[in-house]
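A closer look at the structure
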Amino acid sequence: MSISRLFARITEREAELTGQADTLRAEIDQLTARLNDLERDLEHVRITRQTATALADGLDQDAPPKPEPELPEHPLYLQILAVFHEKQQPLRARDLCEALDLGLLPKNVEDVRSKLKRLVARGILTETEPGLFTQNRP
């Protein structure tokens, strides 16, 4: 191999390595810029969390804890709530009578409706429209 050819090969290799180094430097600059953006966004999220936590702590101290509504003692109330929990949808008194195998006699439907109204009054259920009841979700 001649000296001129060796120097030509060295020059080619030098140019190749210089190009790779320049490419890597450009990638490093891009990654550094992205990292700076992410670190700035992360700091904003941390500040938001601190602010929200401070506000929430203030709200928790201002408002006394809500007492849990008391359920009447009749066992039918527990059965009604079990049906609401199982169905996970708004129900009418007739729907509950069918689900509880009470029969659709007017007396049974009215009895269930009055119990539903009592649960609404205690804040356990909500009457979303006349005769349609749904369970309150925490």
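Structural notes, computed from the coordinates. (Residues numbered from 1 in each chain as written. Predicted model: local features only at pLDDT ≥ 70, side-chain atom pairs only at ≥ 80, totals over all residues. Heavy atoms only, no water.)

Pairing is possible between side chains that carry opposite charge, provided their charged atoms lie close to one another. Going through the model one piece at a time under the given rule, you end up with nine salt bridges. R9 is the partner of E12 in a salt bridge, and the nearest nitrogen-oxygen pair spans 3.7 Å. Taken together, the residues E12 and R9, both in helix α1 (residues 3–62) and three residues apart, mark about one turn of the helix. Across the pair R92 and E129 runs a salt bridge whose closest N-O atoms are separated by 3.3 Å. Taken together, the residues R92 in the loop between α2 (75–87) and α3 (93–99) and E129 in strand β1 (residues 125–129) connect sequence positions 37 residues apart. For R92, a relative accessible area of 34% gives the class partly exposed. (Salt bridge = Lys/Arg side-chain N within 4 Å of Asp/Glu carboxyl O. Helix = DSSP H or I, 4+ residues; strand = E, 2+ residues; numbered from the N terminus. Buried < 20%, exposed > 50% of the residue type's maximum accessible area, 1.4 Å probe, protein only.)

The subject of this paragraph is the side chain of N108. Relative to the helices and strands, N108 is located in helix α4 (residues 106–121). Discounting residues that sit within four places of it in the chain, N108 has contacts with C97, L102 and G103. (Contact = heavy atoms within 4.5 Å.)

With that out of the way, let us pick up the environment of L76. The topology assignment puts L76 in helix α2. Considering only alpha carbons, one finds L76 and L105, 29 residues apart in sequence, at a separation of 16 Å. Setting aside anything within four residues of it in sequence, one finds L76 in contact with L100, L102, D111, V112 and K115.

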